Structures are given as C-alpha cells and as structure tokens.
Amino acid sequence: MMDFEALTGKLAEHLGGPLWTETDPSATPGALIIQPENLLKICEALQKTEGLYFDLLSCIAGLDNGPEKGSMEVIYILHSIPYGHKIMLKVMLTRNKDQEPLPVVPSVSGFWKTALWHEREVYDLFGIHFEGHPDLRRILLPSDWEGHPLRKDYQHQEKYHGIKVAY
Amino acid sequence: MADKIQYEYHPDHLRNSEPLKYDPAGLRSEELLVNIGPQHPSTHGVLRLETLLEGEVVKDVIPHLGYLHRCFEKHAEALPYNQIIPYVDRMDYVASMNSEHAYAMGVEKMLGIADQLPKRVEYVRVLVAELNRISSHFIAVGTYAMDIGAFTPFFWLMRDREHILRLLEWTCGARLLYNYIWVGGLYYDIPVGFEDRCRELVRYLRPKIDELQKIVIDNKIFVERTANVGVLSIDTAINYGVTGPMLRGSGLKYDLRKVDAYSVYPEIEFEVPIGTGAMGSTGDCWDRTWVRVAEIRESLNIIDQVLDALTGPHKRTREFDPQAMVPKKIRPKAQDFYIRAENPKGELGFFFRADGSTDVPFRCKARSCCFSNLSVIAELAKGGMIADLIAILGSIDIVLGEIDR
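Please read these numbers as outputs of a predicted model, since none were measured by experiment.

Chemist: Please give an account of the overall build of chain B that cites residues and values.
Modeler: From N to C terminus, chain B includes 15 helices and eight strands. Overall, chain B is about 75 × 55 × 50 Å in size when its C-alpha atoms are taken along their principal axes. For chain B, buried positions account for 48% of its 405 residues.

Shown next, in the form of structure tokens:
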C-alpha cells in the first residue's frame, strides 16, 4: 500500500505533471482537488497504470456548498483491491443559478460500471449532469418530481399528484 | 361524484408514475414487457422490475427503485451525529448492529477517540454485530430457499433467528432497530448472564447449520436450481462495485474485516470462505448461498472467541462504564472522511464532510452495498430464463430499506 504522497508522485509522473489544482492530505483517504475537464485523464491513469490499478469505485457522493459559495462538488472514493491503495477525488463545479443549465461533469461509467447508478443518484438528488452517461434518469425519486432535494436551497413542491408534500 | 364507483376499471388506474424505459408500442411481435413488483413477494420488498422477454428468455431487466426512499441523507444534514444513529438502523433493518458499528466507528475516527475506547466496548460491539450478521444471513438463505420453492427451511431459520433477536432485545429493548452502539461507547453493558446465553446459542446453532447444509445447500433439487445460474465473474463484479458475499461467491477473498482490520477483528482468527464452483461455475447462485452459510459458521467461531475475551481478559467489572467515552458534544474538526465496514451484504460506507463549527454533518452520504449489488442484475439475468431471474434476485440478498435509503 502506497501512502498518499507516493501515490500522487507516481500519478503525476505518469500524467506528465500534476493535473490537479491542489491536494488535501487531511481528508481520509487523501484527496485530489480537480477540475472537471481533467477528470477522465486522471481516472484513466488511476485505473490503467501498472502499480496503481484502482479497480473498485466505492462511492460517488455529490455535495452542494450552497448558493452563497456558489460551488458544488462530486466526490469519488476509489480503492485498489490488489495493492490496497485508496484515494479520494473531488471535482469542483460552479453552481448554476436559476434558469441556467445544470453543472456538467464527464461520466466515468466507461471505466467503472458502478458509476452507472451512482451518477444517476447524484443527478437525481443534486442536479449535476453527467456527460456521456448512457441512461441518465432519476433513480430514487419519481421521474416527475420537481427540483433536486439535497441542494441546500431546495424548497419542496406544494403538491405531488394531489398529495400534500409537507408533513 | 357520489354515484361514481372508484373501483371500476379506468385506463388511468394503470398509468405509471415512473415511465417505462421500453415503449410497449415499439416492441417486436415476439417481445413482451412484463412488470414484476413492486408488490411481489420474490422482490423482497418494494422493488419493481421492468422485464423485457422474448418467449421465456430475459432480454433486459430494468429495476425501478425508490419506493422506500425516506430521505436519509437529507435528514442527516439536520441532525447531530449521535441522533443520526436511529436513522442508520432503519437503512438495513435486518442488520442494524452492523450499520451502527460502521457509523459509530467513522465518527469516532473523525473525533480521534477510536483508539481510546475500552477493549470491552469493542468486543461487545463485535459480539452483537456478529450475532446480527448470522440473523441477516438466516433471512437471506431462508427467503432464498422459499423463493425457489422450499418452504421448510424458511420456518426453521426464522425460528432460530428469533433466538438471536431475543438476545439482542435483551441488550437494549428493541428487536430490530437497536440504537445500541453509540458514538464513543454503548448504551448499556451486556446484561448479566448474557455470555452464558450466547454460549448456549452457539452450542444450539452449530448442529442446526449442519442440518441447514444438508436440507438446503447439498439438496439435489436446490443444486439443480442454482448451480450454473446467474454466473458472475470477478471482473464484472468488481467493475459494478459488487462487494460482500456476492464478490466472495465469485471467488475473490476480499473481506473488509481482514482488509481494513478494524475494531478487534485482527485479534480474532477466522477464515474468509470463497466460492469455488463446487457445484457448477464459480460465481453462480449456489456459490453465493454457500458462502453465506459458511460465513455463519465463521461468525459462530468469532462469537466463541469474543466470549472467551469477554469472560477472560475483558470481563465485567463493577467500574466498567460503557458510556464513559461518549462525548458530550460531537464536533469533529473540519475534514472529509470516508469509512467503510463489512456488513452482511457488502461494503457499507459513510462519507462525511464536517465543517468544524457545528455538531451536524454538512454532508453525510451512505454508500449502500445492496444498491451496487443490485445494479449488476441486468448483467446476470440477460439471456437466462424468467424463472432464473427470481433465483438470481434472491441470491443477491437485497434489502430495499438500504437501497432506497
């Protein structure tokens, strides 16, 4: 098992330079903070490089920092079963205002099929669009639900098919 | 309005709130769209499967989830860390102790008190978690046998599960949703005499597991029904994030109790059973079920060793206070944290973001094992018979409370 510094060193060497904006070693596991356009390159290197081989995508979590901060994040937790490495990727996004299109992240479902459902969940609850996802539909909420509930400024609708939503 | 009878047929009654993925009008003449669930006993809860058939052969399966969505993550953003535990119980409601254990461990590691806990607390946690693991596997194997036509094992296993639930009820008063493992400790120490009752249970269960092995696992009808059905290769399993007995059934020795070596598991000796394709191909439904039964035996071994510790080096003392380390205020410093643990069904993970200024997590995401395990179902069922789809779904061992959260 490589520690976080060795891991980032090997990754930077393979990518020809650090493609991330900064690192967050205080996170558990240690995290890379990256821009959405570099995500696929980093994922490919993480999955395919000899000695890294991140084959298990444990979890994708969305995160909304609220309208004041105006940013959202998508967090990937990756594990390598044969080597025991672990890493966290944090993709930073600009939060969309009313009437603007949803923030976009490239889909990693080409590398890990786990992402097929996890990205649908993030889309459903946060309203983040995953470009290149083959079947991006809501998964936990009904397809005609309004809004994305885990956003910090979410207001639930008054009625759903004649049923009062507030309890 | 008064003379209208609402029960009489109207096409609107069949309107789906969740639209189908396949358009019935666009199907070829030999294709048929069959809807299974959400109120179907073999879906183990409220899961709806949209199934595209050609004759009896399954061409595609599209699961529709969310019928049991209770907004766990939204609730968690409004509650202090310790008050989230009852909600964690309600995710996987047949293995609450295991989920509580994972959650409490995560918060303790964030607070930095994980290594200061009394050893007795850790051993009691492992004891109740392993008891709960056995009862969860009993449900998995029992309902699975019932799904494919064997009724007796279900009653036998439910009877034995009841003995476990009564023990767990004795610790905290609740049969299923315990709130027993707290952040920093336990609600109570185990009751006086609990260790003896556990020993009695282990003594009682060992022959029953052999009996189960004979009547279900080695039964010719069961083998014929499950061997070579729903074969899951290791590569596909890992790529879909499948973990737990399903991944081990496919032949990979990957158990987080060994890999992450959390709690007191490194001090305990136990084997990690894996599927070998003894009756058919590696990773078929039989392998998955066999792994669960083998894990029950290992859990009994673990319980034996834990009881030795709880009556020997870490035995009950007058001074022992299971709540001694429970923090008055749970305020972890600002950080991102991911914890995972081996639940009966796979890797249960919690992602936390603490902002350092409140007692409430800024974000608490639960990585559900059944959610990822279920996502592989289309891969397993395609090209098989529709009757095999039921056998495959049962062998995945899903709990909808955890999938929908």
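Chemist: Run through the nonpolar core, naming residues and quoting values.
Modeler: Counting residues in each nonpolar core, the largest one holds 154 residues, and the members touching the most others are Leu89 of chain A together with Ile392 of chain B. The biggest single contributor to this core is helix H4 (residues 119–147) of chain B, with 14 residues. With residues near it in sequence (within four places) discarded, Leu89 of chain A still touches Ala31, Leu32, Ile34, Ile42, Tyr76 and Leu78 of chain A.

Chemist: Account for helix H6 (residues 194–217) of chain B, naming residues and giving values.
Modeler: Helical geometry note: an α-helix holds 3.6 residues per turn, so side chains three or four residues apart project in the same direction. All names here are of chain B. At Leu205, H6 is bent by approximately 25°, the largest bend along its length, and proline Pro207 sits one to four residues beyond. Buried within H6 are the following residues: Cys198, Leu205, Leu212, Val216 and Ile217. Tucked inside the fold, the buried residues of H6 contact H4, helix H5 (152–172), helix H7 (220–226) and helix H11 (285–311).

Chemist: I'd like to hear about the interface of chain A and chain B, residue by residue, with values.
Modeler: Contact residues are listed per partner, giving 28 residues for chain A and 30 residues for chain B. Those elements giving two or more residues to the side of chain A that touches chain B turn out to be strand E3 (56–64), strand E4 (71–79) and helix H3 (114–126) of chain A. Grouping the constituent residues of the side of chain A that touches chain B by class yields 21 nonpolar, five polar and two charged.

Chemist: Describe the sheet that holds strand E5 (residues 86–94) of chain A, listing the residues and the values that go with them.
Modeler: Residues and elements named next belong to chain A. Judged by pairing direction, the sheet is mixed, and its five strands sit side by side in the order E1-E2-E5-E4-E3 without closing on themselves. Two strands in the sheet have a free side with no partner beyond their single neighbour: strand E1 (22–24) and E3. The sheet shows a mean angle of 20° between the axes of neighbouring strands, taken without regard to direction. Pairing geometry for strand E2 (residues 31–34) and E5, over four bridges, is parallel. Residue pairing for E5: Leu32 is matched across the bridge by Leu89. Contacting E3 and E4, H3 runs over the sheet at an angle of about 10° to E3.

Chemist: How would you sum up the sheet that holds strand E1 (residues 31–36) of chain B? Please name residues and give values.
Modeler: All names here are of chain B. Across the sheet, three strands lie side by side as E1-E2-E3; this open sheet has antiparallel pairing. Across the chains shown, the open sheet's two edge strands, defined by having one partner strand only, are E1 and strand E3 (57–64). Across the sheet, the mean angle separating the axes of adjacent strands is 20° when strand polarity is ignored. Here strand E2 (residues 48–54) runs beside E3; their pairing, made up of seven bridges, is antiparallel. Along E3, the bridge assignment pairs Glu54 with Val57.

The rules we used
- Residues numbered from 1 in each chain as written.
- Chains lettered and ligands numbered in written order.
- Predicted model: local features only at pLDDT ≥ 70, side-chain atom pairs only at ≥ 80, totals over all residues.
- Helix = DSSP H or I, 4+ residues; strand = E, 2+ residues; numbered from the N terminus.
- Buried ≥ 20, exposed ≤ 12 C-beta atoms within 10 Å, placed from the backbone.
- Core = buried A, V, L, I, M, F, W, Y, C linked by C-beta atoms within 7 Å.
- Contact = placed C-beta atoms within 7 Å.
- Bend = angle between axes of the 7 residues up to and from the residue.
- Nonpolar A, V, L, I, M, F, W, Y, C, P; charged D, E, K, R; others polar.
- Pairing = 2+ DSSP bridges.
- Axes fitted to C-alpha atoms, helices over the stretch in contact; angles between N-to-C directions.

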